[in-house]
Amino acid sequence: MLKMRFHLFVLFLVSECRAQVILTETFQVSYQIAGIFEKDALTQRLAFNESMRYAHLEESELQKSADEDDDNTSKDWRLEPVILQPQRSDSYSVWRELCAKIERSPIAILGPQNPISDCAVRDQCALVNVPHIQATWQPLDPDIELIKDEPVVEEGDKPTFKKIIINFYPPSEEISYAYAKLLKYYKWENFAVLYEDDYGLMRIQKILAEYTEQFPITVRKLDPNADNYMVFKSLYEFKEYRIILDCHVDRVIKYLNEARAVHMVNHYQHYILVSMDATTVAKDLLPFHSNITWLSLTDFDQLQDAQHFLAPRVARWFNWSPENTDSPPVTNIKEEALLMNDVANHVLKSLQRVEAKHGIEKPRSNLCDKNPEPWEYGALLQDEILKTQTMGVTGNIEFNSKGRRVNYTLNVNEIRVSERETVGYWESAVGGDITDTRQNVEARGAQTSSKHFIVISRKAKPYFYDKVKCPENNDTCVEESADEKYEGFSVDLVKQIFDRLRARNYNYTYSFLYEEDKGYGKYDEVKKKWDGLIGDLLDKKADLAVCDLTITEERKKVVDFSVPFMSLGISILYTKERKITPGVFSFLYPYTFEVWMYTATAYCVVSIVLFVCSRISPADWENPQPCDKDPEELENIWNFKNCTWLTMGSIMTQGCDILPKAIGSRWVCGMWWFFAVIVCQTYIAQLSASMTTAMENEPINSVEDLANQNKVLYGSIEKATTYLFFKNSKDKMYQRIYENMAANPAALVDSNDEGERRVANGEGKYAFFMESTSIDYKLKRDCRLKKVGGELDSKDYGIAMPANSPFRSHINTAILELKEMQLLDKIKAKWWEQKNGAKVCEEAADENDVEGDLEWENLIGAFLVLIVGLVFCLFITAIEFMNEVRNIVVREGVSHKEVFIKELQASLNFFQLQKPVLRNPSRAPSIDSTSTTENRKQYSKAIENFLDLEKDMQ
């Protein structure tokens, strides 16, 4: 039906002082388009009706059409919607409704939305060559995949009609691929999947197939008509904090409320909604204070703009009464409804292009006649729809030869800490990873909502312990002000972090929570849960755990860590080598008491043997008068005193002025000298080692020394990171250390303080594996301890927080700032080198000390022996002197006093080398003296006879 109306275009063209008025007649031409909708699809149906009636070409397109006509007429292309609502959703009911209500043949059919019932419609459209259009999610159709890509139709060639569906909604497999890229973008590993119907399971399977098969996935089905508290409770017990939720958008709030009832909705939960209509409930999701992400074809920021071109129209897409002054926002419209506007504009533009190229006529026969005549322009319109490219509410609209939408963009919408933001996008043309467009932390700082953090720690100096109050009368004491109840490195670190965050306009507060002393956290294989600080984070009892908590791969699987605030490594805590004062008779230590006794016995035995052999051997008996060729007596100088003197001089390596002449006695001396060489040399060697070593035990200077001995016991904190380092190490030496510790459970301790006490009290019999930072702290407070060797590994301390924490980037930024400002070093220096009784351990060193020299303590015994020996010698000398005095008194018959004084005066006159023989003047010459005189005369006479004999011989 043609309706005529006159439309005047008055154009004033000024050229050479002439005006020209052009009159153009516009004819309105309408074409019927059918839409099949289910009863509950009210918004889509109203949107289809309004969009088809509202769609029209722009004035530029109308003017172009008028210019192409010679009679200055143009056509105003319009679409007339025909809405069908089948009673049931099966394909037969849909086909009956289609054939019963269609009085005229439409140029295209949209729907139905149910993927099961569209087969009959597609077949009927293919029968009469009417394009079949869809604008909803459809599973992959194997029949469509079998259609080969046809070559591009050349200009002038007539295309053939294809039995395909032109779907304005993105292909389902590409949406699944985009969600898989979203999982990769967030680096999800362990997560749970919730779905409510078979189509949801199909979508989930495709996403997981595209993403990974390596990570364990928990899959649960939701019941839309019942409560699902037990499902969420089981997820809570299994510590599942990352969840993919596939459900109808109208039930998202229902499921989140059920999850919140079992503490499954908080700042650390992250939900990915496999529904691109989640934009419609975005405002309702904000109060949940959780992390929620979804993909959408539309740009949320553009839809919420009050100047959006759909803003005045969407009121007619609802059951909206004119009494309401406020029109519903565009963001409340589902994407399937928004696509109705894109369908109308795209089909209308394609229709105009067909008319411009080939001319067009309406279908002559009805859609469901017995022998319907195929529409001759159906293939042309279908081909033009596939070729036409338009821009709509959902972005670029373009199709491939199979009717699948291509070159579109999916926006990544994220609600994080109660703020919605478009953080990235995925381009189907590229098919790569998610492109991140999120604002930096600076730009989002002021927008972040307030948050009160619960901080937990464990009591261990210098990190966290009860605050020490200053005495009232002590003016020099400075009390810590970082917290009312606690102090330490962790307390100052948290204060500095939150000061940095407040300076960036974050409204964050914090408080420390300490209930009881807990461990760092271990996984209980029996209970299947973590304990300690890690367990509290997983149970959402706290937001941050700040202490000497090591970042490990096992812990990172269940919680998040900040950037490291301290780097360290495993080292050995041991006692300093304790110098012991050598014994007074330490020079005797090279030999045991038995050896000294055996040596003394050998000395006595050899002296006796030498005495006996010298008395028996004839060669040791000599002529006392060499000039007498026939002596009557022989003299032997080897009395027992001389034998002992020879053996003593030999073993003392001093020699003797008399030596034996007989072979037997010389052989005795040779054997003794051989024995003396061995004894002296071994004594000197052993004495050198024992007197220059002032250590109580063999020193431990490295982990190798510790591993290669069995006198010093060593251990670590039971099942802590240091213990696990040796357990998981592939190094043979570290494995041996682990085996020794595992075999001696008594060597393992529960804390660093206990390990320190065992080392300090062990007197060199115990060594403790400990983090280097803790060792540095202990060394500043106990000068008996030392750090042995270097660091065995490299690891870091970090602040732990529940998995998927939205505050991780904020904490990281603050820590990096503290590092750049060197405040972390100042805090560490304060608690390591100034507080808690820190002292400077100075080594008492002798300035004149030379490595390897001997001290007075080493030789005091030798001096003592010398002194005792000298005193003994004086005592012996005194006895000999008094014995001589007695002999003179008896021989000369004088008094003891006279003899003692004169002998003492003569002996102590050091300038005289001769001493007169003390005589009694009143006593007659004794027989001895007479005989002596006679002997002298005989001796003189013998010398004279010898001289005379010499003269005669000459």
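Definitions and limits used
The residue numbering used here restarts from 1 in each chain and proceeds along that chain's sequence as written. Predicted model: local features are reported for residues with pLDDT of at least 70 only, side-chain atom pairs are reported and counted for 80 or more only, and whole-chain, interface and lining totals are derived from all residues. In computing side-chain values, all of the structure's heavy atoms are included and hydrogens and water are not. Numbering goes from the N terminus for both helices and strands, where a helix is a DSSP run of H or I of at least four residues and a strand is a run of E of at least two. When a residue's accessible area, from a 1.4 Å probe over protein chains only, is under 20% of the maximum for its type it is buried; when over 50% it is exposed; and in between it is partly exposed. Only heavy atoms matter for contacts: two residues are in contact if any of them lie within 4.5 Å across the pair. Working definition: rings of Phe, Tyr and Trp (its six-membered ring) pair if their centres are within 6.5 Å, and the pair is stacked with planes under 30 degrees apart, edge-to-face with planes over 60 apart, and tilted otherwise. Whether a charge sits over a ring comes down to the Lys NZ or Arg CZ being within 6 Å of the ring centre and within 35 degrees of the ring normal. Whether a set of points on the 1 Å grid over the protein atoms alone is a cavity depends on a 1.4 Å probe fitting there but being unable to get out, while an open set qualifies as a pocket with protein on both sides within 12 Å along at least five of seven lines; lining residues are those with an atom within 4 Å of a point. Grid points are joined across faces, edges and corners, and a volume is the space filled by probe spheres set on the points. Three categories are distinguished: nonpolar for Ala, Val, Leu, Ile, Met, Phe, Trp, Tyr, Cys and Pro, charged for Asp, Glu, Lys and Arg, and polar for the others, with Gly belonging to the last. Buried Ala, Val, Leu, Ile, Met, Phe, Trp, Tyr and Cys residues that are joined via side-chain atoms within 4.5 Å together make up what is termed a nonpolar core. A pair of strands is treated as paired once DSSP finds two or more bridges between them. The term salt bridge refers to a pairing of a side-chain nitrogen on Lys or Arg with a carboxyl oxygen on Asp or Glu at a separation within 4 Å. A fitted line through C-alpha atoms serves as each axis, taken over the contacting stretch for helices, and the angle formed by two N-to-C directions is quoted from 0 to 180°. Between N or O atoms, a polar contact is any pair within 3.5 Å; within protein, one atom must be a potential hydrogen donor and the other a potential acceptor, and residues adjacent in sequence are included only when both atoms are from side chains. By the definition adopted for this analysis, an angle is roughly parallel if under 35 degrees, roughly antiparallel if over 145, roughly perpendicular if from 65 to 115, and oblique otherwise. In this scheme the handedness of a crossing depends on how the near helix is turned from the far one: anticlockwise by less than a right angle means left-handed, clockwise means right-handed. Known as pLDDT, the predictor's confidence for each residue is given on a scale from 0 to 100. Patch membership requires more than 30% relative accessible area and the absence of a salt bridge. Residues of like charge join within 9 Å; the nonpolar side chains Val, Leu, Ile, Met, Phe, Trp and Tyr join within 5 Å. The method behind every accessible area is Shrake-Rupley, applied with a 1.4 Å probe, and residues are considered shielded solely by the protein chains displayed. One less than the residue count of a helix, multiplied by 1.5 Å, gives the span that helix is expected to have.

## Comments concerning the overall build of the chain
Assigned secondary structure in the chain consists of 30 helices and 31 strands. Counting over 954 residues, the chain shows a buried share of 45%. Within the chain, contacts between residues separated by at least 24 positions form 70% of all contacts whose residues are at least 6 apart in sequence.

## As for the packing of aromatic side chains
Inspection of every chain in the model, using the stated rule, returns 41 aromatic pairs. On the basis of an interplanar angle of 85° and a centroid distance of 5.6 Å, the ring pair of tyrosine 463 and tryptophan 832 is categorised as edge-to-face. Residue tyrosine 463 is found in the loop between β17 (451–456) and β18 (465–466), and its partner tryptophan 832 is found in helix α27 (residues 823–833); the two are separated by 369 residues along the sequence. Side by side, tyrosine 463 and tryptophan 832 carry an identical accessibility label, which is buried. A network of ring pairs unites the aromatic residues Tyr268, Phe453, Phe464, Tyr486, Phe498, Tyr506, Tyr508, Tyr510, Phe512, Tyr514 and Phe807 as a single cluster. Taking the ring centre of tyrosine 31 as reference, the NZ or CZ of lysine 362 above it sits at 5.5 Å.

## Details of empty space enclosed by the protein
For the structure shown, the criterion picks out 4 cavities of 30 Å³ or more. Roughly 100 Å³ of internal volume is contained in the largest cavity. In terms of lining, the largest cavity is formed by Tyr520, Asp548, Thr550, Arg555, Ile717, Ala720, Thr721, Thr722, Asn752, Phe769, Met770 and Glu771. For the lining of the largest cavity, the elements supplying multiple residues, two or more each, are α22 (721–728) and β28 (766–771). Per-element accounting of the lining of the largest cavity gives the leading share, 3 residues, to β28. Looking at the lining of the largest cavity, its residues break down into 5 nonpolar, 4 polar and 3 charged.

## Notes on the environment of leucine 110
Positionally, leucine 110 belongs in strand β4 (residues 108–110). When the C-alpha positions of leucine 110 and asparagine 167 are compared, they lie 9.3 Å apart, and in sequence the two are 57 residues distant. Ignoring anything within four residues of it in the chain, the contact list for leucine 110 reads Ala34, Gly35, Ile36, Phe37, Phe48, Ile133, Ala135, Met340 and Val343.

## Examining the nonpolar core
Counting 76 residues, the largest nonpolar core has Leu79, Phe168, Tyr179 and Ile244 as the members making the most contacts within it. Counting residues per element, this core draws most heavily on helix α12 (residues 335–358), which supplies 10 residues. Sequence-distant contacts of leucine 79, defined by excluding residues within four places in its chain, comprise Tyr31, Ile33, Met52, Arg53, Ile107, Ala344, Leu348 and Leu351.

## As for the sheet that holds strand β8 (residues 217–221)
Pairing is mixed across the open sheet formed by 8 strands, whose spatial order is β8-β7-β9-β10-β11-β14-β15-β16. Every other strand in the sheet has two partners, leaving β8 and β16 (435–436) as the edge strands with one partner each. Bridge count between strand β14 (residues 409–416) and strand β15 (residues 419–427): 8 bridges; the pairing is antiparallel. Following the sheet pairing, isoleucine 415 is matched in β15 by arginine 420.

## Here's the deal with the pattern of salt bridges
If you walk through the whole model with that rule in mind, you get 31 salt bridges. Taking the shortest distance from any N to any O, the salt bridge between lysine 830 and aspartate 492 comes out at 3.0 Å. Placement of lysine 830 in helix α27 and of aspartate 492 in helix α15 (residues 489–503) is noted, with a sequence separation of 338 residues between them. Overall, aspartate 492 belongs to the buried group, its relative accessible area being 10%.

## Points about the layout of surface pockets
Computed from the structure, the largest pocket encloses a volume of approximately 1,500 Å³. Along the wall of the largest pocket there are 41 residues; nearest its centre are Arg242, Lys556, Asp560, Ala803 and Asn804. At the level of elements, α6 (172–186), β14, α14 (441–445), β22 (529–530), α17 (553–556), β24 (559–561) and α26 (808–820) are the ones that each hand at least two residues to the lining of the largest pocket. Among the residues forming the lining of the largest pocket, the class breakdown is 15 nonpolar, 6 polar and 20 charged.

## Considerations on the sheet that holds strand β26 (residues 570–575)
Neighbouring strands of a sheet are bound in pairs by backbone hydrogen bonds; such pairs are parallel or else antiparallel. Across the sheet, which stays open at both edges, the 4 strands sit in the order β27-β28-β26-β29 with mixed pairing between neighbours. Either end of the sheet is taken by a strand with one partner, and the two such strands are β27 (713–715) and β29 (785–788). For this sheet, the mean angle separating the axes of adjacent strands, direction not counted, is 30°. One ladder, built from 4 bridges, connects β26 with β28; its direction is antiparallel. Note that in β28 the partner of serine 571 across the bridge is methionine 770. Sheet contacts for helix α23 (residues 732–743): β27 and β28; angle to β27, the most-contacted strand, approximately 95°. Strands β26, β28 and β29 of the sheet are contacted by helix α25 (residues 772–779), whose axis makes an angle of about 120° with β28.

## So, the side chain of arginine 781
As for its placement among the helices and strands, arginine 781 is situated in the loop between α25 and β29. Polar contacts involving the side chain of arginine 781 include one to the main-chain carbonyl oxygen of tryptophan 831, which spans 3.1 Å. A distance of 2.5 Å separates a polar side-chain atom of arginine 781 from the backbone oxygen of lysine 835. Not counting residues within four places of it along the chain, the set of residues in contact with arginine 781 comprises Trp831, Trp832, Glu833, Lys835, Asn836, Gly837, Ala838 and Lys839.

## Description of the packing of α22 against α23
The contact between α22 and α23 brings their axes to 7 Å, and the two run at 125°. As far as their axial angle goes, α23 and α22 are oblique. Crossing handedness for the pair α22 and α23: left-handed. Side by side, α22 and α23 meet where Tyr723, Phe725, Phe726, Lys727 and Asn728 of the first sit next to Tyr734, Gln735, Ile737, Tyr738, Met741 and Ala742 of the second.

## Thoughts on the packing of α15 against α27
Interaxial distance between α15 and α27 falls to 10 Å at its minimum, and their mutual angle equals 155°. If you check the angle between α15 and α27, you find them roughly antiparallel. Like other packed secondary-structure pairs, α15 and α27 cross with a definite hand, here right-handed. Counted together, Phe489, Asp492, Leu493 and Gln496 of α15 and Leu823, Leu824, Ile827, Lys828, Lys830, Trp831 and Trp832 of α27 form the full contact between these two elements. Taken together, the residues that form the contact of α15 with α27 break down as 7 nonpolar, 1 polar and 3 charged.

## Side note on unusual backbone geometry
When glycine is set aside, most residues are seen to have a negative phi, and most peptide bonds are trans. Cis peptide bonds are those with omega within 30 degrees of zero, and the linkage from glycine 111 to proline 112 qualifies with -5°. If you trace the backbone, proline 112 turns up in the loop between β4 and α4 (119–128). A cis amide bond links lysine 461 to the next residue, proline 462, at an omega of 5°. By the element assignment, proline 462 lies in the loop between β17 and β18. Positive phi is not limited to glycine here, since histidine 263 has a value of about 65°. For histidine 263, the position within the fold is in the loop between α9 (252–261) and β10 (270–273). For histidine 263, a relative accessible area of 55% puts it in the exposed group. At lysine 719, a residue that is not glycine, the phi angle is positive and equals roughly 60°. The topology assignment puts lysine 719 in the loop between β27 and α22.

## Focus: the confidence of the model for the chain
Should pLDDT be low for a region, the predicted coordinates there are not to be read in detail. On average, residues of the chain carry a pLDDT of 81, and 81% of them reach 70 or more. Across residues 1–23 the pLDDT falls below 50, and counting only partners more than four positions away or on other chains, this stretch makes 27 contacts in the model. When the criterion is pLDDT under 50, residues 441–448 qualifies, and its contacts beyond four places in sequence or with other chains add up to 19 contacts.

## Quick word on a nonpolar patch on the surface
Taken together, the side chains of Met882, Phe900, Ile901, Leu904 and Leu908 define a hydrophobic patch exposed on the protein surface, amounting to about 410 Å² of accessible area. Top element by residues in the nonpolar patch is helix α29 (residues 896–907). It accounts for 3 residues. Assignment of secondary structure puts phenylalanine 900 in helix α29. By relative accessible area, phenylalanine 900 is classed as partly exposed at 33%.

## Regarding α6
Along its 15 residues, α6 runs 21 Å from first to last C-alpha, staying within 8% of the 21 Å computed at 1.5 Å per residue. Among the 15 residues of α6, 12 are classified as buried, and the element is accordingly described as predominantly covered. Of all the residues in α6, the buried ones are Ser172, Glu173, Ile175, Ser176, Ala178, Tyr179, Ala180, Lys181, Leu182, Leu183, Tyr185 and Tyr186. Once α6 ends, the next one or two residues include lysine 187, with phi positive near 60°.

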